[in-house]
Amino acid sequence: DQQVKQNSPSLSVQEGRISILNCDYTNSMFDYFLWYKKYPAEGPTFLISISSIKDKNEDGRFTVFLNKSAKHLSLHIVPSQPGDSAVYFCAASALAGGTSYGKLTFGQGTILTVHP
Amino acid sequence: SAVISQKPSRDICQRGTSLTIQCQVDSQVTMMFWYRQQPGQSLTLIATANQGSEATYESGFVIDKFPISRPNLTFSTLTVSNMSPEDSSIYLCSVEANRVWTEAFFGQGTRLTVV
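Residues numbered from 1 in each chain as written. Chains lettered and ligands numbered in written order. Predicted model: local features only at pLDDT ≥ 70, side-chain atom pairs only at ≥ 80, totals over all residues. Heavy atoms only, no water.

Trainee: Where do I start with the sheet that holds strand 7 (residues 68-72) of chain B in this structure?
Mentor: Within a beta sheet, neighbouring strands are joined by backbone hydrogen bonds and run either parallel or antiparallel to one another. Residue and element names in this part refer to chain B. Ordered in space as 1-3-8-7, the four strands form an open sheet in which the pairing is antiparallel. Each having just a single partner strand, strand 1 (4-7) and strand 7 make up the two edges of the open sheet. Strand-to-strand twist in this sheet, taken as the mean axis angle between neighbours without regard to direction, amounts to 15°. As judged from the four bridges shared by strand 1 and strand 3 (residues 19-25), these two strands associate in the antiparallel manner. What sits directly across from Gln-6, in strand 3, is Cys-23. (Pairing = 2+ DSSP bridges. Helix = DSSP H or I, 4+ residues; strand = E, 2+ residues; numbered from the N terminus. Axes fitted to C-alpha atoms, helices over the stretch in contact; angles between N-to-C directions.)

Right, dumping it as structure tokens:
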């Protein structure tokens, strides 16, 4: 039972354009969502997060949107840069019950390639 | 943020043997976590390790196969026991510190190949 799904295994974007990565979840207990970036031979690096009480969070070129009714979130990267090429993981946690921030359910990941 | 070091970074092991992976953090943390990423798959939580108590394992993972130690607030080990080729994965340590940070930090991972 895949509770967090990233249905696009890969995405290719031109430098300077917008990258949109999507994520769906099924567990209504999830109330905190994160995006991580992962380069080969490195651990995941935290990018941005959003609580379920919000529908948008921005940090520089990165914006995460949350649609609770649709159980869908997306990560927008504007403008995209070649250095953004990596695997992006969506993750979710159920904090309201006292779960740790570190106990995460991950999606399968989306490989983003930004072409110069 | 926390700096997390894992050893070894990679290893090739014979089936039937065991490998112990070390995770060292540069600051004291309450909770440490062990994840596994099988080839082409997402990261899956194996267990949560608190200092001074038994690790808590997720469904599908058992202590006999993945014994964990947490002797202090900066260190943990995960052992992959009686390995088979299906254990070939990247194993990752992560930490969360008393909810001071609102995200978990990860080590660089240990790439294990079982032949």
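Structure shown, so let's carry the discussion forward.
Trainee: It is not clear to me how the state of the cysteines should be interpreted in this structure. Could you clarify?
Mentor: A covalent bond between the sulfur atoms of two cysteines is what we call a disulfide. Tallied over the full model, the rule gives two disulfides over all chains. Paired by a disulfide, Cys23(A) and Cys90(A) hold their sulfur atoms 2.1 Å apart. Judged by the torsion about the S-S bond (-70°), the Cys23(A)/Cys90(A) disulfide is left-handed. Linking Cys23(A) in strand 3 (residues 19-25) with Cys90(A) in strand 9 (residues 86-93), this pair joins segments that are 67 residues apart in sequence. The class for Cys90(A) is buried, based on a relative accessible area of 1%. Bridging Cys23(B) to Cys93(B), the disulfide has an S-S length of 1.9 Å. Classification of the bridge connecting Cys23(B) and Cys93(B) rests on its S-S torsion, roughly -65°, and on that basis the disulfide is left-handed. Placement of Cys23(B) in strand 3 and of Cys93(B) in strand 9 (residues 89-96) is noted, with a sequence separation of 70 residues between them. Among the residues examined, Cys93(B) registers a relative accessible area of 0% and is labelled buried. (Disulfide = S-S within 2.5 Å. Buried < 20%, exposed > 50% of the residue type's maximum accessible area, 1.4 Å probe, protein only.)

No statement about biological role is implied by the geometric values presented.
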